[in-house]
Structures are given as C-alpha cells and as structure tokens.
Amino acid sequence: MHSIDSGFRIAQIFIYNKGFQMKKFNQSVLATAMLFAAGGASAAAFQLSEVSTSGLGRAYAGEAAIADNAAVVATNPALMSLFKTNQFSVGGVYVDSKINMSGNTGITALGRNVGARLPSTSTNLHQKNVVPGSLVPNMYFVAPVNDKVAIGAGMNVNFGLKSEYDNKYNGGVFGGTTDLTALNLNLSGSYRITEGFSAGLGLNAIYAQAKIERRAGVLANFMPVKEDTILTQLQDKAAWAFAWNAGVMYQFNENHRIGLAYHSKVDVDFTDHTATSLQAHRIGQEGGLKLNLPDYLEFSGFHQLTEKFAMHYSYKYSHWSRLKNLYASYHSDGREAFHKKMYYRNSSRIALGGTYNVDDKLTLRAGIAYDQAAATEHASAAIPDTDRTWYSVGATYKFTPNLSVDLGYAYLKGKKVHFKEEQRISNGAVVVTGNYSSKASANLYGLNLNYSF
C-alpha cells in the first residue's frame, strides 16, 4: 500500500471507524426457481425482449400482431380474441452475454493527479464477461370464454440485468455488483368489438429485487482499506409495484392485420433496512431507492403473402428518458447513500421477420432487428448498453395437432462503445475517473412447449 500524502488525507472520511468490521447483508434468495432471471439485457438499457421462443426466432418482429401461442398475454392482449381453444405455453430463453470492458482509471485529490504514480496493474479496468449468463423464464395461459371474450394470465420478465466485477476490481467505485430484476405477473382480458376489431387490457403485479454494491478498488492504494472493502451496499429482496398494459388489433381479413400495444410506466420503491454507505458514515440503517422504469409503445403488422410465407414487422418506442438517476437516500434524514446519474434518452427498436410453413407439422422463422441504446455518450460500467443488431432463426414442430415445441436462436452484435465515468467524493475533493471501452455480443437460445385443449 502506498503511503498517504497530506493532499489525499481527505479521502479518509470514507472510514467511519478504523478497523471496523462491516456488517454483511444476507444474500438475496428469490422465492421460487423462476425468479432468478437477471441476465444480460437484450434491448435498450436493461429492458428484456425475451417473452417467448417463437418471437425469438423472428427477432420479435410483429409481436403486437402475431398470435402464434399464449405469449400474446405479454405482447398484445387484444390478440387473445383470435384463439378458439385454450392455450398453454411454458419455457424460457437462455441469454449468454459476452461483454468485455477495458480502459484505465485515474485519481485526483484537491486538484493533484495522485494516480499518476500508480503502476498500470493498479489502474487498468480490464474485465471479461461482466454479465453472467441467465435464463429468462415465461409461462402463459389463454382461455376463450365465448366468441367475443377471452381471458389470460402470464409470467415473464420485462426488465433485468446482473453485472458482476471481481471483488478487487480497480474500478470498484464504478462496477461492483448491480442486480436488477422485475418479474411480471399478468391478468388480461380481450373483447371482440367488431368482426375485425378487438381490444385488450391487462393488469400487472411486478415482483422486483435489487442489489447495488460498490468497493474500494484503486482507492485502496491511498486509504487504510483493502481493494475489496465494500463502500456502498444496498439491497431489497422483495419489492412490489403495479402497472397496466393495453392493446388493439385490427384484422382486415384472415391474411392481414395490424396491432398496437402499450405498457405503462412502473415505479418501484426499494427499501433496505440495513443499507451501508461509508461516504455517508452510515452502516446498517434504513434507506430506499426509487427505480423509474419506462412505458413503451409497439406497432406491428402481419401479412400472409402466400399460402406458405408471411412477413411481419414492428416498431417499438421506449420512454427511457424518465430514468434520470439511480438515487438512494436514508429515510431518517434524507441523506444521500448512493447516486448515479443516468442521462438516458428515449430509444427505438425496429424489426423485420418472415415465417414459412413447410407443412402441417413444421414452421420456420427468421428475423433481423436493430436496437437503439438508451445510454449515449454517458454509458455505464454497471449497466452496459450499446446499439445492437439481432440475427435470428427459429422453428416450431407439431408432435400432434395439440402439442408443439418452439426452438429459437439469435445472435446479437453490439457496437464498440467508448465512454468516461466519474465518481466525486467529499464534494469533489477527490475525483475518480474511468476511461472505458466496451465490446458486447450475445447468443440467445430458446425453448417453449405449447399445448392447446
């Protein structure tokens, strides 16, 4: 450990008490095996598109207008009016993300570049595979009540991300652990207003969990702490929020239809009864963080051009600009526990796909899509985001007229991103900077079973 020069002693305000023993949080354990989906985000920021495997095979083109199976509960409830029998679907998509970070960090204290003396091993920001692979589950049921009314229920994950850096990562004040998951439980209904026009409405209960953890990293070269000392730790094992979604569908005839679907914003209030922030001189006190998730709108079309071939398309617009900060404070006096400016912009997604019915048993799909990042020049090591292109293929095979399996694969290629992060400490007396480059790609594998009765 390097000696502490007089110009950097102000950084010691981090230490609430020399030789303290930090109180550990209990590890987050979700209620069931289906509540662990916090993998790499496949849409803007930490939005997830993986609501079904059939959709995966066409890069989720036409989601608001296609009624392949019961997954319409998650996309456009108005499409439930197209089913004549009960529909059940269950499965998931495994997201294998490859996100690698590189760069270097610097430190100034009272205007002096105190980080210049450090060797490169203490300042490099290289880390491979910062987002672990994860399964994104789904389950849906649709039941027609009569010729006009249908009801449905579903479970899927609309938002989720987990990034993990080594405990002794030099950029611990930027990376650390960031874990955000929002499991969506939905009840929906649809009504056929005319022969070609239907509308649907859904009510959603969101079960969310979050964990934010930041460590000393390079600061350990100037402070009496170790690289893996936790500076900030916030966690909520179970928060609930509520939202709604709605959709309309117009069918010109059995071969051509369009759909419009809307999902409302979600505000999740997380509370941690044992929040720790050494900068605020607080260990094990109650604090909270409000997460403002976006509303989004999707327009889609489906066109059966020949007896065997159909094309479909989508445009999706997400209101990410409403997420301006990740800000946590203590409930007793409102003092800041954690603050990260997000600088997000609204984002768009466009997708084009095709479906080919080989015969009564086999259907093939393919699609391409372009996702616009919500973060621009203000990207984040904790929540990696970049513009990305999807290349997808998939198939459905019917074992019997009632039982089928969906298989899907997609390759996501992200643009290389260069960005700078900055963490100010002690009202700016100490400034830690990170000059990053990130490179991202992902392989997605999907499997769903569908049953009608």
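Keep in mind that this is a model prediction, so the values were computed, not measured.

By the element assignment, Asn86 lies in the loop between helix H2 (72-75) and strand E1 (87-109). Asn86 sits 365 residues away from Tyr451 along the chain, and the two C-alpha atoms are 8.3 Å apart. Dropping the residues within four chain positions of it, Asn86 is found in contact with Phe141, Val142, Ala143, Pro144, Tyr451, Ser452 and Phe453.

Ranked by internal contacts, the top residues of the largest apolar core, which has 66 residues, are Phe46, Val268, Leu291 and Ile383. The leading source of residues in this core is strand E6 (residues 230-253), at 5 residues. Core analysis: the next-biggest nonpolar cluster, separate from the first, contains 34 residues, Leu56, Ala70, Ala351 and Ala369 among them.

A few words on the environment of His319. Checked against the element boundaries, His319 lands in the loop between strand E11 (309-318) and strand E12 (325-330). Spatially, the C-alpha atoms of His319 and Leu297 are 8.7 Å apart, while their sequence positions differ by 22 residues.

This next bit is on the pattern of salt bridges. Applying the stated criterion across every chain yields a total of 16 salt bridges. Notably, a salt bridge pairs Glu164 with Lys162, separated by 3.5 Å at the nearest N-O pair. Look at Glu164 and you get partly exposed, because its relative accessible area is 33%. For Lys162, a relative accessible area of 24% translates into the label partly exposed. Among the charged side chains, a salt-bridge network with shared partners connects Arg58, Glu63, Asp68 and Arg365.

With that settled, consider the confidence of the model for the protein. Chain-level statistics for the protein give a pLDDT mean of 86 and a share of 90% at 70 or above. Low confidence marks residues 1-39, where pLDDT is under 50. Its contacts with residues over four positions away, or in another chain, come to 106 contacts.

Looking now at the pairing of strand E2 (residues 134-144). Where a strand is regular, its side chains alternate between the two sheet faces. Judged from the 9 bridges that link them, E1 and E2 form a sheet pairing that is antiparallel. Bridge pairing in E2 places Tyr94 opposite Leu135. Bridging between E2 and strand E3 (residues 149-164) involves 6 bridges; their strand directions are antiparallel. Each residue of the ladder has a partner; that of Ala143, found in E3, is Ile151. From the end of E2 to the start of E3, which pair antiparallel, there are 4 residues.

All right, on to the pairing of strand E7 (residues 256-263) then. Taking every second residue as pointing to the same face, the buried face of E7 carries Arg257, Gly259, Ala261 and His263, while none of His256, Ile258, Leu260 and Tyr262 on the other face is buried. As paired strands, E6 and E7 are joined by 8 bridges and run antiparallel to one another. By the bridge assignment for E7, Tyr250 is matched with Ile258. Hairpin remark: E6 followed by E7, antiparallel, with 2 residues in the connecting loop. Note that E7 and strand E10 (residues 296-304) share 8 bridges and pair antiparallel. Counterpart to Gly259 in the pairing with E10 is Ser300.

Criteria and cut-off values
Residues numbered from 1 in each chain as written. Predicted model: local features only at pLDDT ≥ 70, side-chain atom pairs only at ≥ 80, totals over all residues. Heavy atoms only, no water. Helix = DSSP H or I, 4+ residues; strand = E, 2+ residues; numbered from the N terminus. Contact = heavy atoms within 4.5 Å. Core = buried A, V, L, I, M, F, W, Y, C linked by side-chain atoms within 4.5 Å. Buried < 20%, exposed > 50% of the residue type's maximum accessible area, 1.4 Å probe, protein only. Salt bridge = Lys/Arg side-chain N within 4 Å of Asp/Glu carboxyl O. pLDDT = per-residue confidence, 0-100. Pairing = 2+ DSSP bridges.

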